[in-house]
Amino acid sequence: MRPVLELRGVARRYGSIRAVNGVTLTLGAGRITCLLGPSGCGKSTLLRLIAGLEPADDGEIHLGGRVLSAPAVHVKAEARDIGLVFQDYALFPHLTVRENVAFGLQSLAPPERTARVEAELARVRLDHRATAHPRSLSGGERQRVALARALAREPSVLLLDEPFSGLDGPLKADVRDAALAALRAAGSTVLIVTHDAEEAMLMADDLALMHRGAIVQTGSPRDCYLKPVSLLAAGLLGDLNALPARVAGGMAVTAFGAVAADHDGDVVMARPEALMLVDEGAPALVVESRFAGDHMALILEAGGVRARARAPLDQAPAVNQTVQVALDPDGCRLFSPESPSSSPA
Ligand code: ADP
């Protein structure tokens, strides 16, 4: 991975609030990085620091070989070569789609400017709406105009702040697919901020998990989901069960089955889908069994512990039935209280 943007120990305080608290992060060339974390964890603040909309209190930001931010250095936003798509898209209402995309390209010669604008409109499939005004566009179309306007400037890095949060269900998936295709076609280096775990995993080449101003894990979506470094990191990406465990003879034993253990620990993190219904395993009582679209959502109880599990629609056990359960090691991790950033189960 060739680094384009590098953050080292970046920090920003508001009074006593440490909104961004020593963030070190690298964006690879042509890669899509998603910054995922709950509301209030500091994502937007970090984006503003990268964009140069406000100064960092500490740390350094490098773009290519250039220092954008360091103690006593603050390159202004307009001189950073970084594009930012705001959550509300910030389109100019009095300008047409074409004029919105052309905005900011005044330094180009007219023929080149026209070619660039038309190419970007085609890329986001909006050529047929070029003369429309933003108010007559759907939410998804507006989002594509904002994207085209940002891409037209060919920034070294493009930042997207919650780009799909203003869109609803089915439309959202379509807009997301279209945006992803446009970003990939442009080969851009992108940082997307989101609080939606599924969206982050779907879009990211690289994922960065943020909590209380700090990055708690980086990696591929698969590694972050299946190999979380802590219960906290695991919880940021999806549902989990924290099963009390006892380590003996190289196994971490829980009420729902055992997984191999190469270190000490007292809790096994198990994704709901890692609790497998099997012919012979640990007996568990079905407390709840609810239809959840493409699967049945179960609550099981064993040894006084409750856990969420899943079953295929055609194998739904009934409430009060006893089932046999085993743990899929791929969806489990053993953690110990002393070393929360623990290794594999
Ligand atoms: P997120 O984008 O993850 O929701 P933010 O970056 O918006 O989080 O906010 C991080 C923390 O910093 C929050 O506690 C928020 O209230 C605080 N904060 C953000 N901007 C300001 C500001 N301009 N002044 C004071 N506090 C702020």
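Residues numbered from 1 in each chain as written. Predicted model: local features only at pLDDT ≥ 70, side-chain atom pairs only at ≥ 80, totals over all residues. Heavy atoms only, no water.

> Quick question: what am I supposed to make of the overall build of the protein here?
If you tally the helices and strands in the protein, you get eight helices and 22 strands. C-alpha atoms of the protein, sized along the principal axes, occupy 75 × 50 × 35 Å. Sequence-distant contacts in the protein: of pairs separated by 6 or more residues, those separated by 24 or more amount to 65%. Accessible surface computed for the protein: about 15900 Å², of which carbon and sulfur atoms make up 52%. When the 35 positive and 40 negative side-chain charges of the protein are each reduced to one mean point, those points stand 7 Å apart. (Helix = DSSP H or I, 4+ residues; strand = E, 2+ residues; numbered from the N terminus. Contact = heavy atoms within 4.5 Å. Areas by Shrake-Rupley, 256 points an atom, 1.4 Å probe, with all protein chains shown as cover. Lys, Arg positive; Asp, Glu negative; His and termini not counted. Charge placed at Lys NZ, Arg CZ, Asp CG, Glu CD.)

> How should unusual backbone geometry be read in this particular structure?
Of note in the backbone geometry, Asp 81 takes a positive phi value of approximately 65 degrees without being a glycine. In this fold, Asp 81 is placed in the loop between β6 (73–74) and β7 (82–85). Of the residues examined, Asp 81 reaches a relative accessible area of 37% and is grouped as partly exposed. Even without glycine at this site, Glu 154 takes up a positive phi of about 50 degrees. The residue Glu 154 is located in the loop between α4 (139–152) and β8 (157–161) in this model. The class of Glu 154 is exposed, set by a relative accessible area of 51%. (Buried < 20%, exposed > 50% of the residue type's maximum accessible area, 1.4 Å probe, protein only.)

> Can you walk me through the pairing of β8 in this structure?
Burial analysis of β8 places five of its five residues in the buried class, the great majority of the element. Alternating residues of β8 divide into Val 157, Leu 159 and Asp 161 and Leu 158 and Leu 160, and every residue in both groups is buried. Sheet topology places β8 next to strand β9 (residues 190–194); four bridges connect them, and they run parallel. Along β9, the bridge assignment pairs Asp 161 with Val 193. For the segment spanning β8, helix α5 (residues 169–186) and β9, crossover handedness is right-handed. (Pairing = 2+ DSSP bridges. Right-handed = clockwise from strand over helix to strand, strands pointing away.)

> What is the right way to read the layout of surface pockets from this model?
Over the atoms rolls a probe the size of a water molecule, and its path tells where empty space is left. Taken as a whole, the largest pocket spans an internal volume of roughly 510 Å³. Lining the largest pocket are 20 residues, and of these Ile 82, Gly 83, Leu 84, Phe 86 and Arg 153 lie nearest its centre. Of all elements in the fold, only β7 and α4 reach the threshold of two or more residues within the lining of the largest pocket. Per-element tally for the lining of the largest pocket: the top contributor is β7, with four residues. The residue inventory of the lining of the largest pocket, partitioned by class, reads 14 nonpolar, one polar and five charged. As a volume, the second largest pocket reaches approximately 210 Å³. In terms of lining residues, the second largest pocket is bounded by Ala 197, Glu 198, Met 201, Tyr 225, Leu 237, Gly 238, Asp 239, Pro 272, Glu 273 and Arg 310. The greatest single-element share of the lining of the second largest pocket, amounting to three residues, is contributed by helix α6 (residues 197–203). A breakdown of the residues in the lining of the second largest pocket according to their chemical character gives five nonpolar, one polar and four charged. Two domains share the lining of the second largest pocket, each providing at least three of its residues, namely domain 1 (3–235) and domain 2 (239–344). (1 Å grid on protein atoms, 1.4 Å probe; cavity = no way out; pocket = protein on both sides within 12 Å on 5 of 7 lines; lining within 4 Å. Points joined across faces, edges and corners; volume = space filled by probe spheres on them. Nonpolar A, V, L, I, M, F, W, Y, C, P; charged D, E, K, R; others polar. Domains from an automatic or database assignment.)

> Teacher, can you tell me more about the domain arrangement of the protein here?
Where interface size is quoted, it is often the accessible area lost as the parts come together. Domain boundaries assigned for the protein yield domain 1 (3–235) and domain 2 (239–344). Its C-alpha centre places domain 1 at a distance of 37 Å from the equivalent point of domain 2. Taken together, the contacts link 10 residues of domain 1 with 13 residues of domain 2. Counting the surface lost from both domain 1 and domain 2, the interface buries some 910 Å², and carbon and sulfur atoms represent 59% of this. The largest per-residue losses of area from domain 1 upon contact with domain 2 belong to Tyr 225, Leu 226 and Leu 231, which jointly make up 53% of the total buried on that side. Joining domain 1 to domain 2, the criterion identifies zero salt bridges. Our count for the contact surface shared by domain 1 and domain 2 stands at three residue pairs in polar contact (both at pLDDT 80 or more). Within the residue set of the side of domain 1 that touches domain 2, elements represented by two or more residues are α7 (221–226) and α8 (231–237). Among the residues making up the side of domain 1 that touches domain 2, the classes are represented as seven nonpolar, two polar and one charged. (Buried area = accessible area lost by both parts, 1.4 Å probe. Salt bridge = Lys/Arg side-chain N within 4 Å of Asp/Glu carboxyl O. Polar contact = N/O pair within 3.5 Å; in protein donor to acceptor, adjacent residues only side chain to side chain.)

> Looking at this structure, I do not really get the pattern of salt bridges. What am I missing?
Should the charged atoms of two oppositely charged side chains come close, the side chains can pair. Here the structure, examined in full by the defined rule, presents 17 salt bridges. The residue Arg 48 makes a salt bridge to Glu 54 at a minimum N-O spacing of 2.5 Å. For Glu 54, a relative accessible area of 12% puts it in the buried group. Residue Glu 120 is joined to Arg 123 by a salt bridge in which the shortest nitrogen-to-oxygen separation is 2.8 Å. With Glu 120 and Arg 123 both in helix α3 (residues 110–123) and three residues apart, this pair spans about one turn of that helix. Residue Glu 120 is classed as buried on the basis of its relative accessible area of 3%. Note on Arg 123: relative accessible area 29%, which makes it partly exposed.

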